[in-house]
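# Results of the structural survey
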Amino acid sequence: MNEFMTVREFGHRIGAAPDTVRRGIRQGKLPGVAVVSDADGARFVIPRKAVELFANTGITPMMLAQSVMQAETIEQGIAYLRAVFVGEN
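Here the structure is a predicted model, which is why all the values come from computation and not from measurement.

Along its length, the chain carries 5 helices and 3 strands. Tracing the chain from N to C terminus, the helices and strands come up as β-α-α-β-β-α-α-α. Put simply, the chain shows about 6,400 Å² of open surface, and 54% of that area lies on carbon and sulfur atoms.

Put into structure tokens, the structure is as follows:
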């Protein structure tokens, strides 16, 4: 299985139109990355693991990164990651 999803495939999974998915990725509300291409505009890369994280928790990679960056110490950032992914408190 491919480790990435297409915009259309992700949109079908969440019940959204491709343009809505692209907009959500650009705004950081949905997982994925816009990769600039020459004449065709942006292409989108959507890792399946990011989709699984979003489906199970509602957390996007950008939200996760922002939360960790706001931690006062590395230890707090690591504790946050453990709480989210492992269920440790």
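Next comes the rest of the description.
Attention shifts here to helix α2 (residues 18–27). Residues of α2 that are buried include every one of V21, G24 and I25, and no others. Viewed end-on, α2 has its buried residues packed into an arc of 100 degrees, placing them on one side of the element. Set apart from the buried face of α2 by more than 90 degrees, the exposed residues are D19 and R26. Looking at the buried residues of α2, the elements they touch are α1 (7–14), β2 (33–36) and β3 (42–47).

Our focus in this paragraph is the nonpolar core. Core analysis: the largest hydrophobic core is formed by 11 residues, namely M5, V7, F10, A16, V21, I25, L30, F44, I46, V51 and F54. Residue assignment for this core shows that the elements contributing at least two residues are α1, α2, β3 and α3 (48–57).

Side chains of residues three or four places apart in an α-helix project in the same direction, reflecting 3.6 residues per turn. Taken as a whole, α1 has its buried residues at V7, F10 and G11. Here the buried residues of α1 occupy an arc of 100 degrees about the axis, which is enough to place them on one side. In α1, those exposed residues whose orientation departs by more than 90 degrees from the buried face are R8 and H12. Tucked into the core, α1 has its buried residues touching β1 (4–5), α2, β3 and α3. Of the residues one or two after α1, G15 is the one with positive phi, at around 75 degrees.

When you line up the elements, P18 lands in helix α2. For P18, a relative accessible area of 26% translates into the label partly exposed. Considered as a pair, P18 and R8 are 10 residues apart in the sequence and their alpha carbons are 5.4 Å apart. P18 has contacts with V7 and R8, leaving out every residue within four places of it along the chain.

Calculation rules
Residues numbered from 1 in each chain as written. Predicted model: local features only at pLDDT ≥ 70, side-chain atom pairs only at ≥ 80, totals over all residues. Heavy atoms only, no water. Helix = DSSP H or I, 4+ residues; strand = E, 2+ residues; numbered from the N terminus. Areas by Shrake-Rupley, 256 points an atom, 1.4 Å probe, with all protein chains shown as cover. Buried < 20%, exposed > 50% of the residue type's maximum accessible area, 1.4 Å probe, protein only. Arc of directions from axis to C-beta. Contact = heavy atoms within 4.5 Å. Core = buried A, V, L, I, M, F, W, Y, C linked by side-chain atoms within 4.5 Å.

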